Amino acid sequence: MNKVLPEFDEELLLALKRGDDKALNLLYRTYFPMVLHFIGNNSGTEQEAKDIYQESIIVLYENLQIPGFELTCKVKTYIYSVSRRLWLKKLAEKSRYVGKIEDFESFIPFVKEDAEIEDKDMQFKVMKQALEKLGEPCRTILEDFFIHNFTMQQIMEKMGYTNTDNAKNQKYKCLMRLKKLFFSSYHSE
Amino acid sequence: MVNMSNIEQIEQYLAGTLSKEEADLFETKIKQDPQLAIEVSSHKLLMESFTLYGKRTGLKQKLNQFHEEMETESFANRSRFAKYSIQVFWKKHLPTMVVAASVAVITVMGTLFTVDYLHSLENRQISYYKELKRELNSIKNTQKNIVSATSSNTSDYKPVTYSATGFLISSNGYIVTNRHVIAGADSVYVESKVNELCRYKAKEVYIDKFSDLAVLKITDPDFPISMKIPYGFKTRESDLGEPVYTLAFPREDMVYGDGTISSKTGFEGDTAAYQISIPVNPGNSGAPLLDDRGNLVGIISGKHTDAEGAAFAIKAKYLLEVIDSIPRDSLPEPIILPAKNSIKELKRPEQIKYLQNLVFNVKVYQHK
């Protein structure tokens, strides 16, 4: 557990925690061929490899943002393990799993993080669906306000409302609708 | 029920933008109002999910951008990469390929060498044994000259390729000669040159590869069927020193040769043949070998190239065996072998007078 990580990994992880895009780009380029090779050799396409790989990167990235998260293995092993697990799940969904996975790297099994990750995945999925159902212009307004941190003034200007109260009113209505949509499917999940 | 200002307050509380007093106030309010507490926690979950969604989509966009960049780069580098990959291929596989190539070369050379060696062994054995068919280059040339002098049309001209000897064994037109004489023949003619030149078309009816014997049948309707066969067969092994003679066509006219049986075995101990001390030449192949009493002793087939005066003749016994082994169905007419030797009391020149009618010059036409 106290294994010293390679210098490259150490620096990369620090930069990723800071939210460095260059580091993310470097990380992305470094391990894509490995995952492509793995999935390509286990009855997957390049597009599937890309999706799985991006999901794995997101898992790593999000975990790194959690305070107190410590990587217990090399970045390479981590990415491979996550991709492997995601791909097995995908194969099981498609019922294409033939019982034998051809491995090219060592990997670590995941147990305890599974529930947490799945929880997050579910939230993401439900929110995505809710937003899709919500439609425009609500979606843009909410995204601008909550994600891009626009002020009411900016939203008013962008959407062409006559005053901020109108915009506020609109935002409120949209939020209520989203809430309804979100929880209706969240509870059924 | 929550209204707009309520929501705003919840938002501000969760975002942490409320002042200390306001937050405390709000918290006590939550404790008193369970409805509000549920509202706050659900709003919290909603906001969390929303931020998660926002972050993930943002991240995904970035990753997609990276991927696109990577792909365009790799596309731009593809030609260079292709070249590089060829280099890598060579570097990686050159040793294997070299080994494979050398194995292939060794195998091929080895096979060629072995086959060639075996072949040359075979050739060496045969090279001392000369088959006595005569290649008719001179005739060919002469004929060519005549033809070219008389006619410019040479399209259906076929040269005589080989000349040798054969003899009649059955009055209905069966002739025995050597297999090597007629091997590969397009057509075979037999010529008798005793009183006048008679030429008959013949076709091969049987060949025996192992004894080197062939049986021809004259197919020409002009052939006189009533020709009598006066000689007999000697199936008993002849003794050494027994005088024998032959009639053959080593040239365009019949040539008589005589000598003795000098060994009971032929080339390299072949028990199916005799060694005889008759000077033979190309063209003697297929000539009958007869003893003093006009019995057929053998058929001359070849000579030793490395020894003086060593010719070989296939024993008559084997000729009879070959004739017996011919399937009846493959013959147009049965072979009627001579029953009685009518020349055994005659002197040799008298015997020859009878025999010369039965000895033919076999001419083989072969289109090359």
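How each quantity is defined
Here the residue numbering is sequential within each chain, running from 1 through the sequence in written order. The order in which chains are written sets their letters, starting at A; the order in which ligands are written sets their numbers, starting at 1. The model is predicted, so local features are restricted to residues of pLDDT at least 70 and side-chain atom pairs to those at 80 or more, both for listing and for counting; the totals for chains, interfaces and linings are taken over all residues. For every residue, the other C-beta atoms within 10 Å of its own C-beta are counted; 20 or more classify it as buried, 12 or fewer as exposed, and values in between as partly exposed. C-beta atoms are placed from the backbone. Every helix listed is a DSSP run of H or I at least four residues long, and every strand listed is a run of E at least two residues long, numbered separately from the N terminus. The criterion for strand pairing is that DSSP finds at least two bridges linking the strands in question. In plain words, the nonpolar core is the set of buried Ala, Val, Leu, Ile, Met, Phe, Trp, Tyr and Cys residues that C-beta atoms within 7 Å link up. Working definition of a contact: two residues with C-beta atoms, positioned from the backbone, lying within 7 Å. As a per-residue measure, pLDDT reflects the predictor's confidence and takes values from 0 up to 100. Helix axes are fitted to C-alpha atoms over the stretch in contact, other axes to C-alpha atoms as well, and angles between N-to-C directions run from 0 to 180 degrees. What sets the label is the angle itself: under 35 degrees gives roughly parallel, over 145 gives roughly antiparallel, 65 to 115 gives roughly perpendicular, and the rest give oblique. If you view the pair so one helix is near and one far, a crossing is left-handed when the near helix is turned anticlockwise from the far one by less than a right angle, and right-handed when it is turned clockwise.

Residues and elements named next belong to chain B. Every second residue of strand β5 (residues 187–192) is oriented toward a common face, the buried set being Val 188, Val 190 and Ser 192 and the non-buried set Ser 187, Tyr 189 and Glu 191. Here β5 pairs with strand β15 (residues 359–365) via 5 bridges, running antiparallel. By the bridge assignment for β15, Tyr 189 is matched with Lys 363. Following β5, the chain reverses through 5 residues before pairing antiparallel with strand β6 (residues 198–208).

Let us look at the nonpolar core. Formed by 59 residues in total, the largest nonpolar core has its most connected members in Ile175(B), Ile300(B), Ala313(B) and Leu319(B). For Ile300(B), the residues in contact, after removing those within four places along its chain, are Leu132(B), Thr246(B), Ala248(B), Val280(B), Asn284(B), Ser285(B), Ala287(B), Leu289(B), Ala311(B) and Ala313(B).

We now examine the interface of chain B and chain A. Listed by partner, the interface residues are 17 residues for chain B and 24 residues for chain A. At the level of elements, α1 (4–15) and α3 (34–76) of chain B are the ones that each hand at least two residues to the side of chain B that touches chain A. Here the side of chain B that touches chain A takes 15 residues from α3(B), the largest share from any one element.

This part takes up the confidence of the model for chain B. Close inspection of predicted coordinates is inappropriate for parts of the model with low pLDDT. Residues and elements named next belong to chain B. For chain B, per-residue confidence averages 81 on the pLDDT scale, and residues scoring 70 or more make up 86% of the total. Here residues 147–155 is a poorly scored stretch, pLDDT under 50, and it has 3 contacts once near neighbours within four places are set aside; other chains count. If you check the scores for this complex, the pTM reads 0.44 and the ipTM reads 0.75.

Moving on, we come to the packing of helix α6 (residues 138–147) of chain A against helix α7 (residues 152–159) of chain A. Helix packing geometry: the angle between the two helix axes and the distance between the axes. All names here are of chain A. Put simply, α6 and α7 touch, their axes get as near as 10 Å, and they point 150 degrees apart. Compared by their axis directions, α6 and α7 come out roughly antiparallel. Of the two possible hands of crossing, α6 and α7 adopt the one that is right-handed. Only Ile 155, Lys 158 and Met 159 of α7 make contact with α6, whose side of the interface consists of Ile 141, Asp 144 and Phe 145.

Next up on the list: the environment of Glu55(A). Looking at where Glu55(A) falls in the secondary structure, it is placed in helix α3 (residues 46–65). Separated by 28 residues in sequence, Glu55(A) and Ser83(A) place their C-alpha atoms 7.8 Å apart.

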